[in-house]
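Fold and contact review
Residues per chain are reported as follows:
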Amino acid sequence: MWTPIIVAGGGALFLGVLGGLMTPIGTWYRSLAKPSLQPPDWLFGPAWTIILGLAAWSAVTAWNAAPDQAARTDVIILFATNALFHALWSPLFFRARRPDWALIEVIFLWSSLVALVVGLWPISPFASLLILPYLLWVSFAAWLNYAIVRLNGPFG
């Protein structure tokens, strides 16, 4: 009973910490031209904490609602795929200093979220709905990423 909660919570915590460690806000980032709708830097930590908490809740809900092992395997594949693409964006944007590569990668992250919403719906509509804030935030982040590339490119 506790295993799904521990795994989902641990996964969310891992992604949150990894994202924080891979997101140095230094001179390079501060020197980039940003769109007028760019949120303040302090907002990203709380936003990601809420979003990853909702994703963990979604994972536990879907796991518990899954009618059989095949559905549970689908839940694992959907969340593992999303975790991989989630973990790749910050190193590309901040560590490699390649917002252009991150813009390509965010398409895969966004697609993994659409797959989660669609794939979880037959298992648990509630679990699917818990992913929507994540999808909306990544949609906004993708636009911010695009705007930064447009305002600052070329990179590399």
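This text gives an overview of the structure that appears in the document. This one's a predicted model, so the numbers in the text were calculated from it and none came from an experiment. (Residues numbered from 1 in each chain as written. Predicted model: local features only at pLDDT ≥ 70, side-chain atom pairs only at ≥ 80, totals over all residues. Heavy atoms only, no water.)

1. Details of the packing of aromatic side chains
Counted under the stated rule, the structure contains 12 aromatic pairs. Measuring from ring centre to ring centre gives 5.6 Å for Phe-85 and Phe-108, while their planes differ by 25°; the resulting arrangement is stacked. One end of the pair, Phe-85, is in helix H4 (residues 69-95); the other, Phe-108, is in helix H5 (residues 99-120), and 23 residues separate them in sequence. An angle of 75° between the planes, with centres 6.0 Å apart, marks the rings of Trp-89 and Phe-94 as edge-to-face. Under the relative-accessibility criterion, Phe-94 is labelled buried at 9%. Ring pairing ties together the aromatic residues Trp-28, Tyr-29, Trp-89, Phe-93 and Phe-94, which thus form one cluster. Against the face of Tyr-29 rests Lys-34, its NZ or CZ located 4.3 Å from the ring centre. (Phe/Tyr/Trp six-rings, centres within 6.5 Å; stacked < 30°, edge-to-face > 60°. Helix = DSSP H or I, 4+ residues; strand = E, 2+ residues; numbered from the N terminus. Buried < 20%, exposed > 50% of the residue type's maximum accessible area, 1.4 Å probe, protein only. Lys NZ or Arg CZ within 6 Å of the ring centre and 35° of its normal.)

Keep in mind that these numbers describe shape and distance, not what the molecule does.
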